[in-house]
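Chain and residue survey
The chain contents come next:
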Amino acid sequence: MGNSSDAHAPSSGLSLRIPQPARGHQPADQVRYVSKAGEMKKPDLDEKVERVALMRKQMVRVLDDDGRAVGEWVPDLSFDDKLTGLRDMMTVRAFDARMLRAHRQGKISFYMQALGEEAIACSQKRALRPGDMHFPTYRQQGLLIAGGYPIVQMMNQILSNEHDPLKGRQLPVLYSAKSHGFFSISGNLATQFPQAVGWAMASAMRGDTAIASAWIGEGSSAENDFHAALVMASTYQAPVILNIVNNHWAISTPEDFARGASATFADRGYGFSIPAIRVDGNDYLAAYAASQWAEQRARSNLGPTLLEWITLRRGAHSTSDDPSVYRPDHESEQFPLGDPIDRLKQHLVVDGDWDDERHAALEQEIAAEIDAALAEADSHGSVKSGVVPSASTMFDDVYAELPRHLREQRDQVGE
Ligand SMILES: Cc1ncc(C[n+]2csc(CCOP(=O)(O)OP(=O)(O)O)c2C)c(N)n1
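- Going by what an unreviewed UniProt entry lists, the protein chain is known as 2-oxoisovalerate dehydrogenase subunit alpha and is assigned to Ilumatobacter fluminis.
- As stated in UniProt under Catalytic activity (unreviewed entry), the record for the protein chain gives "N(6)-[(R)-lipoyl]-L-lysyl-[protein] + 3-methyl-2-oxobutanoate + H(+) = N(6)-[(R)-S(8)-2-methylpropanoyldihydrolipoyl]-L-lysyl-[protein] + CO2".

A word on the overall build of the protein chain
- Assigned secondary structure in the protein chain consists of 13 helices and seven strands.
- The C-alpha atoms of the protein chain give 23 Å as radius of gyration, which agrees with the globular expectation for 415 residues (22 Å, within 12%).
- Here the C-alpha coordinates of the protein chain stretch approximately 80 × 65 × 50 Å along the principal axes.
- Within the span of the protein chain, comprising 415 residues, buried residues form 50% of the whole.
- Excluding contacts between residues fewer than 6 apart, the proportion of contacts in the protein chain whose partners are at least 24 apart in sequence is 76%.
- Carbon and sulfur atoms make up 49% of the accessible area of the protein chain, which amounts to about 19,200 Å² in all.

A short note on helix α4 (residues 151-159)
- Burial of α4 is extensive: eight of the nine residues sit out of reach of the surface.
- Taken as a whole, α4 has its buried residues at I151, V152, M154, M155, N156, Q157, I158 and L159.
- Packing partners of the buried residues in α4 comprise α1 (79-104), α3 (141-146) and α12 (356-378).
- The first or second residue beyond α4 is S160, which carries a positive phi of 55°.

Some words on a nonpolar patch on the surface
- A surface patch of nonpolar side chains, about 350 Å² in accessible area, is lined by L16, I18 and F257.
- You can see F257 is positioned in helix α7 (residues 256-259).
- According to the relative accessible area criterion, F257 is partly exposed, its value standing at 41%.

Regarding the UniProt feature "domain: Dehydrogenase E1 component" (unreviewed entry) in the protein chain
- Taken from the UniProt record, the annotation "domain: Dehydrogenase E1 component" (unreviewed entry) applies to residues 89-381.
- Secondary structure over residues 89-381 splits into 45% helix and 11% strand, and the C-alpha atoms at its two ends are 28 Å apart.

Let's talk about the packing of aromatic side chains
- Taken as a whole and assessed by the stated rule, the structure comprises seven aromatic pairs.
- Members of the aromatic cluster, joined through ring pairs, are F135, F183 and W199.
- Positioned above the aromatic ring of Y270 is the side chain of R56, whose terminal nitrogen or guanidinium carbon lies 4.4 Å from the ring centre.
- Directly above the ring of W293 sits R297, whose terminal nitrogen or CZ lies 5.5 Å from the centroid.

Concerning the site of the ligand
- Taken together, 15 residues sit near the ligand, with Y138, R139, G187, S220 and W249 positioned nearest.
- In this structure, E218 approaches the ligand through a side-chain N or O atom, which is 3.3 Å from an oxygen atom.
- Side-chain polar atom of N247 to an oxygen atom of the ligand: 2.9 Å apart, as the coordinates give it.
- Here the ligand, which alone exposes 590 Å², has 70% of that area covered by the protein.
- Partitioned by chemical class, the residues of the shell around the ligand number five nonpolar, seven polar and three charged.

Some words on the side chain of N156
- Of note, N156 is situated in helix α4.
- Not counting chain neighbours up to four residues away, the residues in contact with N156 comprise N161, H163, D164, P165, A377 and H380.

Re the nonpolar core
- Ranked by size, the top nonpolar core spans 72 residues in total, and within it W73, F95 and Y175 carry the most contacts.
- Ignoring sequence-local partners within four residues, the contact set of F95 consists of Y111, I145, I151, M154, M155, I158, Y175 and I370.
- If you look at the next biggest cluster of nonpolar residues, it comprises 25 residues, including F193, V197, A200 and I274.

Side note on unusual backbone geometry
- In this structure, H248 takes a positive phi of about 75° despite not being glycine.
- Looking at where H248 falls in the secondary structure, it is placed in the loop between β3 (240-246) and β4 (249-250).
- Assessed through its relative accessible area of 3%, H248 is described here as buried.

Section: the confidence of the model for the protein chain
- For the protein chain, the average pLDDT comes to 94, and 95% of its residues sit at 70 or higher.
- Averaged pLDDT values for the elements of the protein chain fall to 87 in helix α10 (residues 331-334) and rise to 99 in strand β1 (residues 133-135).

Considerations on empty space enclosed by the protein
- Considering all chains together, one arrives at three cavities of 30 Å³ or more under this definition.
- The space that makes up the second largest cavity amounts to roughly 60 Å³.
- Considering the residues around the second largest cavity, the lining is formed by P136, T137, Y138, I185, S186, N188, L189, A190, Q192, I216 and S220.

Details of the layout of surface pockets
- Its boundaries defined by the atoms lining it, the largest pocket holds a volume of some 350 Å³.
- Where the lining of the largest pocket is concerned, the elements lending two or more residues are β2 (212-217), β4, β5 (253-254) and α7.
- Grouping the amino acids of the lining of the largest pocket by side-chain chemistry returns 10 nonpolar, eight polar and five charged.
- Considering only enclosed or pocket space, the second largest pocket measures out at about 210 Å³ in volume.
- For the second largest pocket, the lining is made up of 15 residues, of which M90, R93, A94, E363 and A367 are closest to its centre.
- Of all the secondary-structure elements, those providing two or more residues to the lining of the second largest pocket are α1, α11 (340-351) and α12.

Considering the sheet that holds β3
- Spatial strand order, β1-β2-β3-β7-β6: five strands in an open sheet with parallel pairing. Strands with a single pairing partner mark the edges of an open sheet, and in this sheet they are β1 and β6 (276-280). In this sheet, adjacent strand axes meet at a mean angle of 20° when their direction is disregarded.
- Where β6 and strand β7 (residues 305-310) come together, five bridges link them in parallel fashion. Among the inter-strand pairings, A276 is bridged to a residue of β7, identified as L306.
- Sheet strands touched by helix α6 (residues 224-235): β2, β3 and β7. Its angle to β3, the strand with the most contacts, is close to 150°.

Criteria and thresholds
Residues numbered from 1 in each chain as written. Predicted model: local features only at pLDDT ≥ 70, side-chain atom pairs only at ≥ 80, totals over all residues. Heavy atoms only, no water. UniProt positions renumbered as here; feature names shortened; annotations may be inferred. Helix = DSSP H or I, 4+ residues; strand = E, 2+ residues; numbered from the N terminus. Rg over C-alpha atoms; globule rule 2.2 N^0.38 Å. Buried < 20%, exposed > 50% of the residue type's maximum accessible area, 1.4 Å probe, protein only. Contact = heavy atoms within 4.5 Å. Areas by Shrake-Rupley, 256 points an atom, 1.4 Å probe, with all protein chains shown as cover. Patch = residues over 30% accessible without salt bridge, like charges linked within 9 Å, V, L, I, M, F, W, Y side chains within 5 Å. Salt bridge = Lys/Arg side-chain N within 4 Å of Asp/Glu carboxyl O. Phe/Tyr/Trp six-rings, centres within 6.5 Å; stacked < 30°, edge-to-face > 60°. Lys NZ or Arg CZ within 6 Å of the ring centre and 35° of its normal. Near = heavy atom within 4 Å. Polar contact = N/O pair within 3.5 Å; in protein donor to acceptor, adjacent residues only side chain to side chain. Nonpolar A, V, L, I, M, F, W, Y, C, P; charged D, E, K, R; others polar. Core = buried A, V, L, I, M, F, W, Y, C linked by side-chain atoms within 4.5 Å. pLDDT = per-residue confidence, 0-100. 1 Å grid on protein atoms, 1.4 Å probe; cavity = no way out; pocket = protein on both sides within 12 Å on 5 of 7 lines; lining within 4 Å. Points joined across faces, edges and corners; volume = space filled by probe spheres on them. Pairing = 2+ DSSP bridges. Axes fitted to C-alpha atoms, helices over the stretch in contact; angles between N-to-C directions.

Here it is, written out as structure tokens:
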């Protein structure tokens, strides 16, 4: 007060911090806080949030470099369960590859793949129950595939053909499958996050046993809706799993821009008093175990859990994107968590009755399934061939009942 030489006064002007990408332009830079496989303790389901706080700067990992499953987080899965997981992931990858090819062939207008991220959605779908509801982004096709949703139906949606369950109204990959616990995907990022919490609250209010699972990318976690969801989930202890898939990129923007100075995305859970853990997203066994832990917490009325999944978006953001203009070559080869399919395969070889020959045979079997599905879907037309749902149906479902002005517009279409 009255002190003319204030020690805190800046000597020059302010400057804005622009995040310097920690990775990206220098692919050799390591992902932070990579724990050794088996190193992390597995807390009790009802462990206090303060006691699991450290886990937001560590990483749950089960598969070690030799493909062995180690530590407290090893899930109780049979060889067949693991093989099922491998098949799910391989099906997602083959599906994606075939759709990318279809795009290059001019058969479809748009596509988004999940290359490198297959373990996360596939394992969580298997860890939850039918009746639970997922609120996905456009990169969780694994939820549908591991949930047994017909592949032909997915393709019908992508082609916008006469069998498209969404009647040609949605951009390719924005699926909706209520019967399979897959909430309608919206193009508006992050909106599904608070909706998932609301769904979970409704389930709890009804005294039901079903839980919700919310999905978001690390980039989209900068949206207001992300924060609204965490407040509601924490206040009402909603039975929800809050998944942040940190694949390190939001189109051309590195994770650094959405995260805050030195934080992890899991850190955000702690501030809302939500137990939050980081998980190796390329380790199917860790992913299954962490999903199951969060699932059991929600189902036992112990409230929400935040899971930050560490993975890498290996492919382009979408078929409209060219990552070579903003990210380094060979990034995925240097990624310390490897590839989810390779790692589970290696584990099955080490642990049981699996080898390259069987793996190749399975790959062929899946490729044939995918080709057959595409042939079937293609026979029902596509946007490109002009065989699409009737134009008059475009007025349906805007409201529960068709109002007069829409009836008039439909009559003008005259189909
Ligand atoms: C509200 C809103 N803002 C911007 C976009 C455009 N957009 C589509 S995807 C995307 C990046 C999302 O990145 P991230 O959440 O990290 O998910 P990822 O694509 O990596 O899976 C953006 C900015 C949008 N669809 N909706």
